[in-house]
Amino acid sequence: MSEELNTLIKLQKIDSLIISLKQKLEIIPLEIKKLEEKIQEIDKQFENEKKKIINLEKNKKEKEREIEDINEKIKKLKEKTSQIKTNKEYQALLKEIELIEENLKKEEENLLLILYNLDETQKNLNEVKSNLELKKKEIDEQKKELEKERNIINQKIEALKEDRKKLINELPPEFYEEYRELMKKHKGLAVVEVKNFICQGCFLHIPPQLYVEIKINQSIYHCPQCGRFLYYKPEEKLEEAQVQS
Ligand SMILES: [Zn+2]
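Residues numbered from 1 in each chain as written. Predicted model: local features only at pLDDT ≥ 70, side-chain atom pairs only at ≥ 80, totals over all residues. Heavy atoms only, no water.

Asks: Break down the sheet that holds strand 1 (residues 191–195) for me, with residues and values.
Replies: The strand order across the open sheet built from four strands is 2-1-4-3, with neighbouring strands paired in mixed fashion. Single-partner strands in this sheet number two, and they are strand 2 (198–199) and strand 3 (221–222). Relative to strand 2, strand 1 runs antiparallel, the two being bridged by two bridges. Paired with K195 across the bridge in strand 2 is I198. Relative to strand 4 (residues 229–231), helix 3 (residues 173–185) is tilted by about 100°, and along the sheet it contacts strand 1, strand 3 and strand 4. (Pairing = 2+ DSSP bridges. Helix = DSSP H or I, 4+ residues; strand = E, 2+ residues; numbered from the N terminus. Contact = heavy atoms within 4.5 Å. Axes fitted to C-alpha atoms, helices over the stretch in contact; angles between N-to-C directions.)

Spelled out as structure tokens, the structure:
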């Protein structure tokens, strides 16, 4: 195979790899952002559960104060009984005390309900919390993995760029210039294989005479339609490559 053609094929392989690695790099920050949003959502969920507890605590305190007030009232009314002179007044007072005591019973039941709710919500919160911590840990690990992947990809790209430099030095400048122009024009694909008479860049059917010449791989040929560099990969080599991989 012509040396220049061989170098062009290698250069294309490296550049295609760099392009696909860069595409992967672009996706990573988006994935990290998604994970961070997940964490924020989880935090919000937890905050909401905590708010429920705070509200219940508030209700509890209010109810306790209410009960205290009622008890105070009953105590005062009971003290009044000794000062009462008529039976009628006495009966009225007893009736009043009875009504308030009934109210007290109701409020004490309400307090019990609040205490029960508080207990249940606290249990819930604890469960949610341990779940959230587990999830957060998981997400953090995924984030670290992505960051590790990003570093590895960056290192790979740097190494490929070094290989690229060496290849460019081997290539006559006019070929490299043409390669660059084709890369720009064809979005990263300048050197393509011809397979069964077809240009794998633009799918033109290559004329038989040209196809025969390309098959020898002794010179540089271009696709008559898209202008890309063309090369032919012998079938045996393809099979060999498949066995190796
Ligand atoms: Zn073509």
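Asks: I'd like a description of the pattern of salt bridges, backed by residues and values.
Replies: Close approach of charged atoms allows side chains with opposite charge to pair. One pass over the full model with this rule turns up 12 salt bridges. The shortest N-O distance in the salt bridge between K123 and E120 comes to 3.5 Å. Of the two residues, K123 and E120 are both situated in helix 2 (residues 87–170); the distance of three residues between them amounts to about one turn of the helix. E120 gets classed as partly exposed once you look at its relative accessible area, which sits at 33%. One network of salt bridges, with partners in common, ties together K63, E66 and E107. (Salt bridge = Lys/Arg side-chain N within 4 Å of Asp/Glu carboxyl O. Buried < 20%, exposed > 50% of the residue type's maximum accessible area, 1.4 Å probe, protein only.)

Asks: Provide a residue-level description of the UniProt feature "domain: CT398-like coiled coil hairpin" (unreviewed entry) in the protein chain, including the pertinent values.
Replies: As annotated by UniProt and renumbered to match this structure, "domain: CT398-like coiled coil hairpin" (unreviewed entry) occupies residues 11–185. For residues 11–185, the end-to-end C-alpha separation is 17 Å, with 95% helix and 0% strand making up the annotated structure. (UniProt positions renumbered as here; feature names shortened; annotations may be inferred.)

Asks: Give a detailed account of the coordination of the zinc ion, specifying residues and quantitative values.
Replies: Geometry reference: four tetrahedral donors at a metal, ideal angle 109.5 degrees. Six octahedral donors, ideal angles 90 or 180 degrees. Every protein donor of the zinc ion is listed here as C199 (SG), C202 (SG), C223 (SG) and C226 (SG), and their distances to the metal cover 2.3 to 2.4 Å. Between the four donor atoms coordinating the zinc ion, the angles at the centre fall across 105 to 113°, so the site counts as tetrahedral. Residue C223 is classed as buried on the basis of its relative accessible area of 4%. (Donors = N, O, S within 2.8 Å, 3.2 Å for Na, K, Ca; no water. Tetrahedral: all angles 85-135°; square planar, octahedral: opposite > 155°, others 65-115°.)

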